[in-house]
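Chain by chain, the residues run as shown.
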Amino acid sequence: MSMHLRSDVDLNAAQVKRVIELALNVKAHPEQYRKALDGKSVAVIFAKQSTRTRVSFEVGIFELGGHALVLTSGGSSGMQMGRGETIHDTAKTLGRMVDAIVIRTYAQSDVDELALHGGVPVVNALTDDYHPCQALADVQAIQERFGRTQGLKLVYAGAGNNVAHSLMLIGPRVGMDVVVACPASVAPNAAILARAQADAKEAGTSVTVSHDLADAVKGAHVIYTDTWVSMGQDADAQRLREELQAFQVNAKIMAAAQPDAVFMHCLPAHRGEEVTADVIDGPQSIVFDEAENRLHAQKALLMLLMGAQPW
Ligand code: CP
């Protein structure tokens, strides 16, 4: 049976540790893995725009000696999914031709169904609910900066979206406390919050929600934010900008955190909205380490899921 990364809960603490350990070695010694996916093909499907995810998967699979088929799910040169072919039939077809499937899409159920019927490892490259590849790259960046993740406090400022959900779930798996600071109107999904809090209780960490960013960032090692208007939310853009104004990360917010705190953002960023330019372009920002680590963390993940490296 194939192992997948449908969401962060597919990896336990030991498995996250293994991905990060391998990702750090991949980054230090990429030459050791040049033939890891020799003769293997990976379908990388996009139903939404992407810069980092697309480039990191395509380059990463190439650097592992594999072949990436980068596909769009719709449009005149897209897959038949765009004309209504079912996920079931797409999964059954791709599973007979490729060795793994990576997909960025809207509905989490698309990822779950591909995994159910494809017969090959499936990786969630962002859905409306989760962004687990981003969270792995973020953990790698935090590990690099602090030399540990255990005992750190991460504060996510903004809407309780897919990135927030993945950070909430990965926090307990790496020993970090996570606070989501958001307006009540855009709180994280209640079921995902409950799962993250149950995992945190078992791990001896915490996952909480605050509506006061200035208070939440006290003692924080990581201040994280994301775009206020996620893909597919254009109709709500004005309302979101107004409601999230009080959750902007600026110099005053950074000054209230630990003196060695870092600023993180999954990108793309909107300077002057969720973060001020002096913070994202300043010395505490590690946003491009996060972006680069997408490459290394996903190479590690694919090798493990595809059996090219032991867990
Ligand atoms: N962070 C992230 O997923 O970037 P892209 O949308 O550019 O892939």
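Now for a description of the structure that goes with this document. Only a predicted model underlies this, so the values are computations on that prediction, with no experimental measurement involved.

### What about the overall build of the protein?
Inference 1: A tally of regular secondary structure across the protein gives 12 helices and nine strands.
Inference 2: Its C-alpha atoms give the protein a radius of gyration of 19 Å, near enough to 19 Å, the size a compact globule of 311 residues would have.
Inference 3: The principal-axis extent of the C-alpha atoms belonging to the protein is close to 55 × 45 × 35 Å.
Inference 4: Sorting the 311 residues of the protein into buried and exposed places 54% on the buried side.
Inference 5: With an accessible surface of roughly 12900 Å², the protein has 50% of that area assigned to carbon and sulfur atoms.
Inference 6: Distance between charge centres in the protein, computed from 27 positive and 35 negative side chains, equals 4 Å.

### Concerning the packing of aromatic side chains
Inference 1: Applying the stated criterion across every chain yields a total of one aromatic pair.
Inference 2: Where Tyr156 meets Tyr224, the ring centres are 6.1 Å apart and the plane angle is 35 degrees; that geometry is what we call tilted. Taken as a pair, Tyr156 in strand S5 (residues 153-157) and Tyr224 in strand S8 (residues 222-225) lie far apart in primary sequence, 68 residues in all. Grouping residues by exposure puts Tyr156 and Tyr224 together as buried.

### Let's talk about the sheet that holds strand S3 (residues 100-104)
Strand pairing within a sheet occurs via backbone hydrogen bonds; the two strands may be parallel or antiparallel.
Inference 1: Here we have four strands laid out as an open sheet, ordered S2-S1-S3-S4, and parallel in their pairing. Taken across any chain shown, the strands that pair with only one partner, and hence form the sheet edges, are strand S2 (67-72) and strand S4 (122-124). Averaged over all pairs of adjacent strands, the angle between their axes in this sheet comes to 20 degrees, without regard to strand direction.

### A few points about the site of the ligand
Inference 1: Neighbouring the ligand are the residues Ser50, Thr51, Arg52, Thr53, Arg104, His131, Gln134, Cys266, Leu267 and Arg294.
Inference 2: A distance of 3.0 Å separates a nitrogen atom of the ligand from a polar atom in the side chain of Gln134.
Inference 3: The contact in question runs from an oxygen atom of the ligand to an N or O atom on the side chain of Arg294, over 3.1 Å.
Inference 4: Relative to its free-state accessible area of 250 Å², the ligand is covered by the protein chains to the extent of 95%.

### Side note on helix H5 (residues 132-146)
Inference 1: Compared with the 21 Å implied by 1.5 Å per residue over 15 residues, the 21 Å span of H5 between its first and last C-alpha is a close match.
Inference 2: Counted residue by residue, H5 has 12 buried out of 15 residues, so it is predominantly covered.
Inference 3: Residues of H5 that are buried include every one of Pro132, Cys133, Gln134, Ala135, Leu136, Ala137, Asp138, Val139, Gln140, Ala141, Ile142 and Phe146, and no others.

### Things to note about the packing of helix H3 (residues 87-95) against helix H4 (residues 108-118)
Inference 1: At a closest axis distance of 8 Å, the pairing of H3 and H4 adopts a crossing angle of 45 degrees. Comparing their axes, H4 and H3 come out oblique. Here the hand of the crossing between H3 and H4 comes out right-handed. On H4, the residues touching Ile87, His88, Ala91, Lys92 and Gly95 of H3 are Asp110, Glu113, Leu114, His117 and Gly118.
Inference 2: In terms of residue class, the contact of H3 with H4 is made up of three nonpolar, four polar and three charged.

### Focus: the side chain of His296
Inference 1: Within the secondary structure, His296 is located in helix H12 (residues 287-305).
Inference 2: Classification of His296 as buried rests on a relative accessible area of 7%.
Inference 3: Leaving out residues up to four positions away in the same chain, His296 has contacts with Ala23, Val26, Lys27 and Gln140.

### Concerning unusual backbone geometry
A negative phi holds for most residues other than glycine; trans holds for most peptide bonds.
Inference 1: That bond from Leu267 to Pro268 is cis: its omega, 5 degrees, falls within 30 degrees of zero.
Inference 2: By secondary structure assignment, the location of Pro268 is in the loop between strand S9 (262-265) and helix H11 (277-280).
Inference 3: Of note, Leu126 is a non-glycine position whose phi angle comes to about 120 degrees, a positive value.
Inference 4: Along the chain, the position of Leu126 falls in the loop between S4 and H5.
Inference 5: The phi dihedral of Leu267 is positive, around 70 degrees, even though this residue is not glycine.
Inference 6: Along the polypeptide, Leu267 turns up in the loop between S9 and H11.

### A few points about the nonpolar core
Inference 1: Grouped together as the largest cluster of nonpolar side chains are 63 residues, with contacts concentrated most on Phe57, Leu136 and Leu154.
Inference 2: When residues of this core are assigned to their parent elements, the largest contribution, eight residues, is made by H5.
Inference 3: Residues contacting Leu136, with those up to four places away along its chain left out, are Leu5, Leu11, Val16, Val19, Ile20, Ile170, Ala297 and Leu301.
Inference 4: Membership of the second largest hydrophobic core comes to 21 residues, among which are Ala216, Met254, Leu267 and Val287.

Definitions and limits used
- Residues numbered from 1 in each chain as written.
- Predicted model: local features only at pLDDT ≥ 70, side-chain atom pairs only at ≥ 80, totals over all residues.
- Heavy atoms only, no water.
- Helix = DSSP H or I, 4+ residues; strand = E, 2+ residues; numbered from the N terminus.
- Rg over C-alpha atoms; globule rule 2.2 N^0.38 Å.
- Buried < 20%, exposed > 50% of the residue type's maximum accessible area, 1.4 Å probe, protein only.
- Areas by Shrake-Rupley, 256 points an atom, 1.4 Å probe, with all protein chains shown as cover.
- Lys, Arg positive; Asp, Glu negative; His and termini not counted.
- Charge placed at Lys NZ, Arg CZ, Asp CG, Glu CD.
- Phe/Tyr/Trp six-rings, centres within 6.5 Å; stacked < 30°, edge-to-face > 60°.
- Pairing = 2+ DSSP bridges.
- Axes fitted to C-alpha atoms, helices over the stretch in contact; angles between N-to-C directions.
- Near = heavy atom within 4 Å.
- Polar contact = N/O pair within 3.5 Å; in protein donor to acceptor, adjacent residues only side chain to side chain.
- Expected span 1.5 Å × (residues − 1).
- Parallel < 35°, antiparallel > 145°, perpendicular 65-115°, else oblique.
- Left-handed = near helix turned anticlockwise from the far one by under 90°.
- Contact = heavy atoms within 4.5 Å.
- Nonpolar A, V, L, I, M, F, W, Y, C, P; charged D, E, K, R; others polar.
- Core = buried A, V, L, I, M, F, W, Y, C linked by side-chain atoms within 4.5 Å.

Note that every value here comes from positions in space, so none of it alone points to a role or purpose.
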